[in-house]
Protein chains: 2
Amino acid sequence: MASRNTVQQRVIAQQLMELGNHPTADEVYRAVRRQLPSVSKATVYRTLNKLVHLGEATCVIAGLGAERFDHRTDEHCHVVCMKCGTVQDVSEGVFNDGVDHADAAAACGYEIVGHDLVFEGICPACQRA
Amino acid sequence: MASRNTVQQRVIAQQLMELGNHPTADEVYRAVRRQLPSVSKATVYRTLNKLVHLGEATCVIAGLGAERFDHRTDEHCHVVCMKCGTVQDVSEGVFNDGVDHADAAAACGYEIVGHDLVFEGICPACQRA
DNA sequence: ACACTTAATGAAAATGATTATCAATAAGTA
DNA sequence: TACTTATTGATAATCATTTTCATTAAGTGT
């Protein structure tokens, strides 16, 4: 009985999917609470981390405020707004060309398991304000 | 009298330089305390953030544990060890070729001010353990 | 359907990193 | 030397995340 299928985990995974836009754990928590009013924030953290470990989600390296989670697991890069911290996908695949794990491994001696390319910028909304 | 030249700020900037390897605020604090035993951790944070604002240092987007600071301000990328969190430079410039701010801006609508390319891996020491 | 084992949960406390507060100190100026 | 106020040190506050632990309920066998 290694693992159990619980309502909480199903709703959390589903909300991460539906929210789409790189929510923080707290944003997921608030969304889940609409369906499961008594859910605990600890459960949200536990489940989000579990999904990442299972490879069914990723966490976005953003460096501004709370950690953000991503339901996408394919390779793509992000833009972070330096003012409000929101994160968006940058879908165009071109940016990850030229990133070679073997080259990087040779250059630093680490065993490379992945990489993240994140742009820093100001989002349209914050440009106005 | 916009700004003052204090011993604390000089020693903190100097230690960030000397430590070299992307120290956390706490690591800088411990180094500075050897010369200035009564320095406050708040002062270390304040000064480190000031240096970043002035463009005399940068903070590395690492996503594992505490924030890390970098005395280098030129464009270069990093490797983070997923086990111990240490950060190293990946000096070879090739990895940042193909990263085009204008392309990214067009793709997402943000005003792009910079980018970070960070590899995730396992450092030599952790590979053995 | 019923009982049993234990993974998963909820609530709250604990931890860790960073920031805010505020009285005391000291850098730069007159 | 006196004065103004930026900066400091100490501490409390904040925020995100993890741990703890008693309680609940999922999956299993009967």
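**Q** Explain the state of the cysteines here, please?
**A** By definition, a disulfide links the sulfur atoms of two cysteines through a covalent bond. All told, the structure shown has zero disulfides over all chains when counted by the stated rule. Unpaired in this structure, B:Cys81 has its nearest cysteine sulfur neighbour in B:Cys84, at a distance of 3.7 Å.

**Q** What is the right way to read the protein's contact with DNA strand C from this model?
**A** The local shell around DNA strand C holds 22 residues, among which A:Arg4, A:Thr6, A:Thr43, A:Arg46 and B:Tyr45 are the closest. Atoms of DNA strand C within 4 Å of the protein belong to the sugar or the phosphate in 63% of instances, the rest to bases. Between DNA strand C and the protein, one listed contact pairs a base nitrogen with a side-chain N or O atom of A:Arg4 at 2.8 Å. Those elements that provide at least two residues to the surface near DNA strand C are helix H1 (7-19) and helix H3 (41-54) of chain A together with helix H3 (41-54) of chain B. Across the surface near DNA strand C, the residue classes tally to seven nonpolar, nine polar and six charged.

**Q** Hey, could you run me through the interface of chain A and chain B in this one?
**A** Note on interface size: it is often stated as the accessible area lost on association of the parts. If you look at the interface, chain A gives 39 residues, while chain B gives 40 residues. Counting each side, the surface lost to burial between chain A and chain B is near 3100 Å², with a carbon and sulfur contribution of 64%. In terms of surface lost to chain B, no three residues of chain A exceed A:Ile61, A:Tyr110 and A:Glu120, which account for 23% of the buried area on that side. At the junction of chain A with chain B, the criterion picks out zero salt bridges. At the boundary of chain A with chain B, the tally comes to eight residue pairs in polar contact (both at pLDDT 80 or more). Elements represented by at least two residues in the side of chain A that touches chain B include exactly strand S3 (77-81), strand S4 (87-90), helix H4 (101-108), strand S5 (111-122) and helix H5 (124-128) of chain A. It is S5(A) that provides the largest number of residues to the side of chain A that touches chain B, a total of 12 residues. A breakdown of the residues in the side of chain A that touches chain B according to their chemical character gives 22 nonpolar, 10 polar and seven charged. Note that S5(A) and strand S5 (residues 111-122) of chain B share 11 bridges and pair antiparallel.

**Q** Quick question: what am I supposed to make of the nonpolar core here?
**A** Membership of the largest hydrophobic core comes to 28 residues, with the highest contact counts inside it found for A:Phe119 and B:Phe119. Of all the secondary structure elements, the ones that give two or more residues to this core are S3, H4 and S5 of chain A together with strand S3 (77-81), helix H4 (101-108) and S5 of chain B.

**Q** Help me understand the relation of the copies chain A and chain B, please; the structure alone is not making it clear to me.
**A** Both copies of the chain are related through a single rotation about an axis accompanied by a shift along the same axis. Once chain A has been moved 0.0 Å along the axis and rotated by 180°, it coincides with chain B to within an RMSD of 0.1 Å. Such a combination of turn and shift is consistent with a two-fold rotation axis. Closest to the rotation axis within chain A is the C-alpha of A:Leu117, separated from it by 2.3 Å.

The rules behind the values
Residues numbered from 1 in each chain as written. Chains lettered and ligands numbered in written order. Predicted model: local features only at pLDDT ≥ 70, side-chain atom pairs only at ≥ 80, totals over all residues. Heavy atoms only, no water. Disulfide = S-S within 2.5 Å. Near = heavy atom within 4 Å. Polar contact = N/O pair within 3.5 Å; in protein donor to acceptor, adjacent residues only side chain to side chain. Helix = DSSP H or I, 4+ residues; strand = E, 2+ residues; numbered from the N terminus. Nonpolar A, V, L, I, M, F, W, Y, C, P; charged D, E, K, R; others polar. Contact = heavy atoms within 4.5 Å. Buried area = accessible area lost by both parts, 1.4 Å probe. Salt bridge = Lys/Arg side-chain N within 4 Å of Asp/Glu carboxyl O. Pairing = 2+ DSSP bridges. Core = buried A, V, L, I, M, F, W, Y, C linked by side-chain atoms within 4.5 Å. Buried < 20%, exposed > 50% of the residue type's maximum accessible area, 1.4 Å probe, protein only. Least-squares fit on C-alpha atoms with pLDDT ≥ 70 in both.

Purely spatial values, then, with no claim about function.
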